[in-house]
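A look at the structure
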Amino acid sequence: MKKALFFLFSFLAFANINAQIVNPVKWTTKVEKISDTEFNLVMEGKIEDNWHVYSQFTPENGPLAAEFKFKEVKGNYELVGKVKESPYKKQYNDVFEVDEYYFEKNVTFTQKVKITNPNLKTIRATIDYQVCKEVCINQDNTFTFPLPKISITNPKVVVTVDTIKDDTVQAVKEADKPTAVAKVAEPKKEEDRGLLTIFFLAFLGGFAALLTPCVFPMIPMTVSFFTKQSKNPGQGKRNAILYGLSIIAIYVVLGLAITAIFGADALNALSTNPWFNLFFFLLLVVFAVSFLGAFEIMLPNSWANKVDKQADRGGIIGILFMALALAIVSFSCTGPIVGTLLVESATKGGIAPIVGMLGFSSALALPFMLFAMFPSWLNSLPKSGGWLNTVKVSLGFLELALAFKFLSNADLVLQLHLLEREVFLAIWIAVFGVWALYLLGKITTPHDSPLSHISVGRLSLGLLVLAFTVYMIPGLFGAPLKLISAFPPPQTYSESPRGFFGNTSTSKETLPDGAKLGEHDIITFTDYEKGLAYAKEVNKPVMIDFTGHACVNCRKMEINVWSDEKVLNILKNDVVLISLYVDENIDLPKNEQFISKSTGSEIVTVGDKWTDFMITKYKTNTQPLYVLIDLEEQNLNNPISYTPNINEYLAWLKDGVSKFK
C-alpha cells in the first residue's frame with residue numbers, strides 16, 4: 001500500500017521538464033572575520049521551490065551527498081574542523097532503502113579556516129552536490145573567497161559575493177562595510193504528498209477501529225442518546241456533531257502533545273535509530289498479540305469512572321467528557337491502532353503525528369455525526385456479532401506483519417544480515433498464510449464465536465489474503481515483488497543477490513570488452529567510446545542512458561519499465577546500451593581533466609565528464625535522459641526523460657530503432 005501510494009502521488013505530481021539547462025540553486029558567499037588569522041567561509045544557496053539539495057551527511061547507497069574541495073591548502077591555510085551546515089530534513093527513501101538528508105528553500109555551509117600565509121589573497125573552494133525534483137541534477141560550483149586587508153579597529157568584516165549566471169563566482173570586496181546581518185531561512189514546509197498519505201492511511205486506521213467490538217456497538221447507543229435526550233431533533237443533531245468534533249479534538253491534542261514533548265526533529269531521528277526501531281518492533285508485537293486475543297490492553301478503570309461522572313454534567317463540557325469516555329473505554333481496541341499510527345507518522349517527522357490523529361479521529365467521529373443527522377440510517381447497520389472479533393484479529397495479523405518492517409530497518413542499519421530478504425519474506429508468507437487459514441475457518445482464536453458457516457465477505461477476504469501469500473512465494477527465488485517493494489529488504493541484501501537460480505544467459509567470459517551485465521542482465525557499457533565501437537561492430541543503434549547511482553527515478557524506470565517483456569527484448573537485442581553515470585566519483589587521469597567550455601567548471605571526475613557531455617551536446621543536465629543515436633552519433637528521434645508509461649516508452653524505442661539504417 002505504501003509503495004503504491006508513493007507511485008500514485010508521484011505520477012499525479014509529475015510534470016515533464018523540457019530539455020534546457022536547469023540551475024535550481026543560486027549561490028552567494030561571504031567571508032566572516034573571527035580574528036586576524038581566522039575566518040569563516042560561508043556559502044549560502046537559495047533553492048527554487050520543490051527542489052532539494054542533499055546534505056554532506058547523506059548515508060551511503062542513497063542520493064549523492066554534497067562534497068567540498070578546498071584548493072591549495074598546504075602552506076597557505078588550515079581547515080579548522082569540517083564544513084558545518086544548516087539544519088536539514090530527514091526522510092526515508094523507499095527506493096534506496098536509506099534515509100535522505102536534504103535542504104529545501106535555503107542551505108548554508110560554513111568552513112572555518114586559519115591563515116598561515118600572510119600574503120594569501122583568496123581561497124578557492126568547490127562544492128559537488130545533487131539537486132532533485134522529479135529529475136536529478138549533479139552540479140558543481142567553484143567559489144572564490146577574497147581575503148580583505150583587516151584593520152584592528154574593525155573587528156568583523158563581511159564580504160558578500162553573488163553567483164554570476166555562468167556559476168563562476170566573482171569577488172566583490174566590501175572591506176569597509178559594517179557587519180552584515182545573516183539571512184533568515186524561510187520556514188520549512190512539509191511535503192503535501194507525504195502528509196496526504198499519512199492522513200489517508202490514518203483515516204483507514206480510524207475506519208478499522210470503528211469496526212472493532214469496542215466501538216461499533218456504541219454508534220447506535222450514542223446516537224439514540226442524543227436524539228432522545230435532546231429537546232428537539234435539531235438540538236440532538238447539534239449535540240451529536242459537537243460530540244464528533246470533541247472526539248477529533250481529543251486525538252488531535254494527543255498528536256500535538258507527542259510532537260511537543262519529543263519535538264518534530266527528535267521523532268524523525270528516533271525513526272531512523274536502530275534501537276528505537278527494535279523498540280517499535282517489540283511494541284507492535286505486543287499490540288498484535290493483544291488483538292489476537294492473548295490479553296487486553298486497558299487503561300485504569302478509575303480513569304473511566306472519573307470521566308463518566310463529569311459526562312453527567314450536561315452541556316458542552318458534558319459532551320466533551322462523553323467523547324473522552326469513549327476514547328478511554330475503547331482503548332483496548334483503538335490503543336494499538338493509535339500507537340501504530342503514531343509510530344508510522346514519527347518516521348515522517350514534522351506535524352505528521354497531528355495529521356495522523358486528525359485522519360484517525362475523523363473516520364472515528366464521522367459515523368456518529370452522520371447517523372445523528374440521518375437516524376433512519378441506523379436500520380441499515382449490521383448487527384454486532386462475531387464478525388467484529390474477526391476484524392480485530394485481522395488487525396492483529398497486519399500489526400504483526402508491519403512489526404517486522406521495523407525489525408528489518410534495524411537489521412539494515414546495523415548490517416547484521418540476520419533478517420535478509422528471504423527470511424523477511426518467509427516470515428510474511430507465514431503470517432499472511434496463517435491469517436488466510438483463520439479467515440477460511442481452519443483455525444480460531446480465544447474470543448471467536450462458534451462458526452457455523454463462512455460469510456461471503458469473510459471468504460472473499462480470505463481468498464484475497466491467500467492469493468497475496470502465494471504472490472510472495474516467488475520472491476524467495478528472486479522475483480522483484482513490485483507490489484510490496486517498499487517493505488522487504490532489497491534484492492542486494494539477500495542470500496542470493498542474483499536470484500535463487502543465479503544463472504544468466506551471458507557469462508562474463510563472453511561479454512564484449514568494456515561491458516558488464518547490468519539491470520535485468522542487459523549487456524551494458526559504461527564507457528561511451530567502447531560502447532560506440534561495439535555498436536559499429538555489430539551494426540546496431542545506441543541507446544545512451546544518462547543516469548546516476550543516486551538517481552531515484554532512474555531506478556524506477558529500470559524496475560518498472562525496463563522489466564516489461566517488450567521493452568526488455570529491445571534493450572537486449574536491438575540496441576547497444578551505454579549507461580553514463582553522472583555521479584561517478586572516479587578521478588580522470590590528469591591529462592584528461594579540462595575546463596568545460598559550456599559551464600566554465602573544472603572537469604576532474606568521470607561523472608563530471610558525462611555531465612559536461614550531456615550539457616554540451618543535449619542542452620540539459622537532468623537525469624534520467626535517454627537518447628537513441630545512429631553510428632554517426634546523430635539522434636534517431638528526440639531524447640526523452642522520465643517516462644513511467646510503458647507504452648509511451650516502448651513507442652519511443654520502436655520509433656528510434658525503425659529509423660536506424
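I will try to describe carefully the structure that is included in this document. Note that the coordinates shown come from a computational prediction; the quantities given were computed from them, not determined experimentally.

Side note on the sheet that holds strand E13 (residues 523-525)
Reading across from one edge, E12-E13-E15-E14-E18 is the order of the 5 strands in this open sheet, with mixed pairing throughout. With partners counted over all chains shown, the strands left at the sheet margins are strand E12 (515-517) and strand E18 (625-629), one partner each. Between one strand and the next, the sheet's axes are offset by a mean angle of 30 degrees, whatever the strand orientation. Bridge count for strand E14 (residues 542-547) against E18 is 5 bridges, and the pairing is antiparallel.

Things to note about helix H18 (residues 646-658)
Between the first and last C-alpha of H18 there are 18 Å, a value that for 13 residues agrees with the 18 Å anticipated at 1.5 Å per step. If you check the start of H18, you find a side-chain oxygen 3.1 Å away from the backbone N of asparagine 647, and it comes from asparagine 645.

Structural notes on unusual backbone geometry
Residues other than glycine seldom take positive phi values, yet asparagine 50 does so here, at roughly 75 degrees. Along the chain, the position of asparagine 50 falls in the loop between strand E2 (38-47) and strand E3 (52-54). Exposure remark for asparagine 50: the relative accessible area of 63% places this residue in the exposed category. Of note in the backbone geometry, asparagine 539 takes a positive phi value of approximately 55 degrees without being a glycine.

Focus on the pairing of strand E8 (residues 106-115)
Pairing of E2 with E8, which is carried by 9 bridges, proceeds in the antiparallel orientation. Paired with glycine 45 across the strands is valine 107, a residue of E8. Here strand E5 (residues 77-85) pairs with E8 via 6 bridges, running antiparallel. Following the sheet pairing, lysine 84 is matched in E8 by threonine 110.

Some words on a nonpolar patch on the surface
The grouping of Leu451, Ile454, Leu459, Leu463, Leu466, Val470, Ile473 and Phe477 at the surface amounts to a nonpolar patch, some 640 Å² of accessible area in total. By secondary structure assignment, the location of valine 470 is in helix H13 (residues 456-472). Here valine 470 falls in the partly exposed class, since its relative accessible area comes to 48%.

Considering the packing of aromatic side chains
Applying the stated criterion across every chain yields a total of 26 aromatic pairs. Between phenylalanine 424 and tryptophan 428 the ring centres are 5.2 Å apart and the planes differ by 35 degrees, which places this aromatic pair in the tilted class. With phenylalanine 424 and tryptophan 428 both in helix H12 (residues 421-439) and 4 residues apart, this pair spans about one turn of that helix. Here the two residues phenylalanine 424 and tryptophan 428 agree in accessibility, since each one is buried. Relative to tyrosine 618, the ring of phenylalanine 613 lies with its centre 6.1 Å away and its plane at 75 degrees, an arrangement referred to as edge-to-face. One cation-aromatic arrangement involves arginine 458 over tyrosine 438; the distance from NZ or CZ to the ring centre is 4.9 Å.

Re the nonpolar core
Within the largest apolar cluster, 44 residues are counted, with the highest numbers of intra-cluster contacts made by Tyr528, Met543, Ile544, Phe546, Trp562, Tyr649 and Leu653. If we ignore the near neighbours within four places in the chain, the residues touching tyrosine 528 are Ile544, Ile578, Leu580, Trp610, Phe613, Lys617, Ile629 and Glu633. Of all hydrophobic cores here, the second largest spans 31 residues; its members include Trp27, Ile47, Trp51 and Val113.

Considering the pattern of salt bridges
Taken as a whole and judged by the stated rule, the model has 9 salt bridges. Across the pair lysine 105 and aspartate 49 runs a salt bridge whose closest N-O atoms are separated by 2.4 Å. Here aspartate 49 lies in the loop between E2 and E3 and lysine 105 lies in the loop between strand E7 (98-103) and E8, a separation of 56 residues in the sequence. In this structure lysine 105 comes out as buried when scored by relative accessible area, which is 15%.

Criteria and cut-off values
Residues numbered from 1 in each chain as written. Predicted model: local features only at pLDDT ≥ 70, side-chain atom pairs only at ≥ 80, totals over all residues. Heavy atoms only, no water. Pairing = 2+ DSSP bridges. Helix = DSSP H or I, 4+ residues; strand = E, 2+ residues; numbered from the N terminus. Axes fitted to C-alpha atoms, helices over the stretch in contact; angles between N-to-C directions. Expected span 1.5 Å × (residues − 1). Polar contact = N/O pair within 3.5 Å; in protein donor to acceptor, adjacent residues only side chain to side chain. Buried < 20%, exposed > 50% of the residue type's maximum accessible area, 1.4 Å probe, protein only. Patch = residues over 30% accessible without salt bridge, like charges linked within 9 Å, V, L, I, M, F, W, Y side chains within 5 Å. Areas by Shrake-Rupley, 256 points an atom, 1.4 Å probe, with all protein chains shown as cover. Salt bridge = Lys/Arg side-chain N within 4 Å of Asp/Glu carboxyl O. Phe/Tyr/Trp six-rings, centres within 6.5 Å; stacked < 30°, edge-to-face > 60°. Lys NZ or Arg CZ within 6 Å of the ring centre and 35° of its normal. Core = buried A, V, L, I, M, F, W, Y, C linked by side-chain atoms within 4.5 Å. Contact = heavy atoms within 4.5 Å.

Treat this as a map of the structure, not an account of what it does.
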